[in-house]
Amino acid sequence: MEPGVIRKLDQVVVNRIAAGEIIQRPANALKEMIENSLDAKATSIQITVKGGGLRTLQIQDNGTGIRRSDLEIVCERFTTSKLQSFDDLSSISTYGFRGEALASISHVAHLTIVTKTKSEKCAYKACYADGKLKGDVKPIAGNQGTQIIVEELFHNVPMRKQALKTPNEEFQRISDVVGKYAVHNPHACFVLKKFGETAASIRTQPNTTVANNIGIIYGSTISKALVPVEVKDNILQLTVDGFVTNVNFSLKKGISLMFINHRAVECNTLKKAIDEIYSIYLPKGSSPFIYLSIGLNPNNVDVNVHPTKHEVHFLHEEQIVEKVKLAVERALLGGNAARSYTQALLPGAGNPLDTTKSNESMAGGDEKPRLDYKFVRTSHSEQKLDKFFNISGSSNQPASSSLDNPAAEVTEPKITQPSPVRKKKAVKRETRLTSIHNLRQQVESNGDENLRKIFRELTFIGTIDRNQVLIQYDTKMFLTQTQPLVIELFYQLLLFNFGNFERFTLSEPLELKRLAQLALTDPESGYTEEDGTVEELTNCIVNILVKKAPLLREYFSLSIRPDGFLESLPRLLDNYIPSVVFLPMYILRLATEVEWDEEEDCFRTFSRETATFFARVALTKPEKEYRWELEHVIYPAIRNYLIPPKEHSKNGCLLQLASLPELYRVFERC
């Protein structure tokens, strides 16, 4: 056989191969761009993602920007402002130094840069492909800093694109990257959101603390279990600052954030050493949360190990790992001295039903006398929480009250015992819309059976304030956050009772244009003069809602006249009246936030906005009336209808405060 002919690869092929080493997925591209923003001294970094970063990945910062004269070569390989000679690597203090990140992105995506420096009078926009500038650099209006827009990532590398995960999984990887850098850089504000959504997945404030950002991003349960770790060794030229969780806390899947000289890295040797320590304290299969920021002499660290820069080599590795290991051990021993025996657990962290089952088996069935700590209070009338707050007559039905708004008065129904909304006396009209069946299926598939059992068998204890309520399940006491529960309850009622609503009729119809004007004067609307005149916007809002009036009337009993007057609202729950105080903002958000073009998105977003509007009533009602409503209307409805989503087990909606068997064990030790 003849030997193959050696040929020089085409430069385009070379560049795409090289780009694949650095930009392996959207999260890698974002990591490089975040590091560029931090190198540019940015204090505000906003990231917007579409299609898991494959369709659009946008980052905007307020850093120093890029000079107009540098835009022609900024996407060429090995162009950088951070390194001049190879010797500079020994003292490099910036994230970037190879000059390959933007070049690599431009070889596998459409790249656009909008940038402005402090000294330049305007911003400049430039587009790139395969490392080269496309067209001319255009002057445009813009703020100081840099905006980079990456579109259609891997459009010319189809095999790489096919090998990636789903958009949701890619977005989760992006979220992990943003979370790491947000924790490590508390001086900067980080915002991460999906394209078209107003709510941010991650939002941190500038000039805060590492511990505060850990709580915001990873949850208050972790932040409450943090133990500080500090090391300073002049001989090894080592400093360590960080946090680990105490021995009372564990995760099924550990979270490890490690930075060496402010660079996010993976250090398997150090991670393995720390895991060995925790194996003494934590149950098998459990892991801790770890955040460590390690400072070393730059001369002792080799950062040029891998193109992705996720791995570094450093001198005296064994001694440094041992030092950090000892520091973590000391921190855990200090925390173990005050180890808690009645640990507050979110229901999703384990199965709160297991303890009850084990106790029942220990009791030996009904034939034997039941132990004291297994008696369950089943009647809240025996002794209510209100007794301790000097609230008299809270269990009685409140007097009827009109809504405090001169613009309209809702005809208040007679307050009776709650009746199941989904089982009307009239024949229920079943919907054949696939979109509604899909939304219902999403609710059911996302339901948490463990939480559902707790809410189905809850006993109402009492209210702490307008948003916090104590409930009892079996021998456990929980603190609930009412607002998110009520929003989810109304959302599900809108889906499962679709097309079968009774209505609240306004005693005097309200003009939509007037309601929209009131909403635009509210700071919550975010209205500025750049959006257009109030007259133009209100006319647009009225036109949208009048056009959609037949749909709203047929499916949701929300009646709007052709002349632009609101006549009625849907009745979602017996004995529960929405507050017209928030009606202007509701009308505004119906016109601006509902996705009217796609059927499923339309019903989903309309139901979310309507659920939020109905849930805000608590802010306007008298204290006594609202306490009665919580006990006799809202929580019975939660018990009967709510399918709690899985995220309610992680976001603090339900927090276990006490378990009677556990308390008995503590007192036995005393």
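Refer to the preceding data block for the structure.
Keep in mind it's a predicted model, so treat the numbers as computed, not measured.

Okay, the pairing of strand E4 (residues 123–129) next. Here strand E3 (residues 110–116) pairs with E4 via five bridges, running antiparallel. For Val114, the partnering residue across the bridge sits in E4 and is Lys125. Of the strand pairs in this sheet, E4 and strand E5 (residues 132–140) are connected by six bridges, and their pairing is antiparallel. Paired with Tyr128 across the bridge in E5 is Leu133. Hairpin connection, E4 to E5: the antiparallel pair is bridged by two residues, and Asp130 has positive phi, about 55°.

For the rest of this paragraph, the subject is unusual backbone geometry. The backbone phi angle of Asn207 is positive, close to 55°, even though this residue is not glycine. In this fold, Asn207 is placed in the loop between strand E8 (202–203) and helix H6 (210–218). On the basis of relative accessibility, which here comes to 67%, the residue Asn207 falls in the exposed class. Even without being glycine, Asn575 reaches a positive phi, approximately 70°. Inspection of the secondary structure assignment puts Asn575 in the loop between strand E21 (565–571) and helix H17 (583–593). Here Asn575 falls in the buried class, since its relative accessible area comes to 5%.

On to helix H18 (residues 599–615), then. Over its 17 residues, H18 extends 24 Å from the first C-alpha to the last, a length consistent with the 24 Å expected when each residue adds 1.5 Å. All of the buried residues along H18 are Cys602, Phe603, Thr605, Phe606, Ser607, Glu609, Thr610, Ala611, Phe613, Phe614 and Ala615. Where the residues of H18 are buried, they touch helix H11 (434–445), helix H13 (482–496), helix H16 (549–556), E21 and H17.

Time to look at the packing of aromatic side chains. Taken as a whole and judged by the stated rule, the model has 15 aromatic pairs. With 5.0 Å between their ring centres and 70° between their planes, Phe498 and Phe603 make a pair best called edge-to-face. Highlighted residues: Phe498 in the loop between H13 and strand E19 (502–511) and Phe603 in helix H18, separated in sequence by 105 residues. Residues Phe498 and Phe603 agree in their burial class; the two are buried. Geometry around Tyr124 places Arg68 over its ring, the cationic atom sitting 5.6 Å from the centre.

On to the layout of surface pockets, then. Taken as a whole, the second largest pocket holds about 1,600 Å³ of empty space. As for the second largest pocket, its lining consists of 39 residues, of which Glu197, Ala199, Arg604, Thr605 and Arg608 are closest to the centre. At the level of secondary structure, the elements contributing two or more residues to the lining of the second largest pocket comprise H11, H13, H17 and H18. Examining the composition of the lining of the second largest pocket, we find that seven residues originate from one element, H18, more than from any other. Looking at the lining of the second largest pocket residue by residue, the class counts come to 14 nonpolar, ten polar and 15 charged.

Parameters at a glance
- Residues numbered from 1 in each chain as written.
- Predicted model: local features only at pLDDT ≥ 70, side-chain atom pairs only at ≥ 80, totals over all residues.
- Heavy atoms only, no water.
- Pairing = 2+ DSSP bridges.
- Helix = DSSP H or I, 4+ residues; strand = E, 2+ residues; numbered from the N terminus.
- Buried < 20%, exposed > 50% of the residue type's maximum accessible area, 1.4 Å probe, protein only.
- Expected span 1.5 Å × (residues − 1).
- Contact = heavy atoms within 4.5 Å.
- Phe/Tyr/Trp six-rings, centres within 6.5 Å; stacked < 30°, edge-to-face > 60°.
- Lys NZ or Arg CZ within 6 Å of the ring centre and 35° of its normal.
- 1 Å grid on protein atoms, 1.4 Å probe; cavity = no way out; pocket = protein on both sides within 12 Å on 5 of 7 lines; lining within 4 Å.
- Points joined across faces, edges and corners; volume = space filled by probe spheres on them.
- Nonpolar A, V, L, I, M, F, W, Y, C, P; charged D, E, K, R; others polar.

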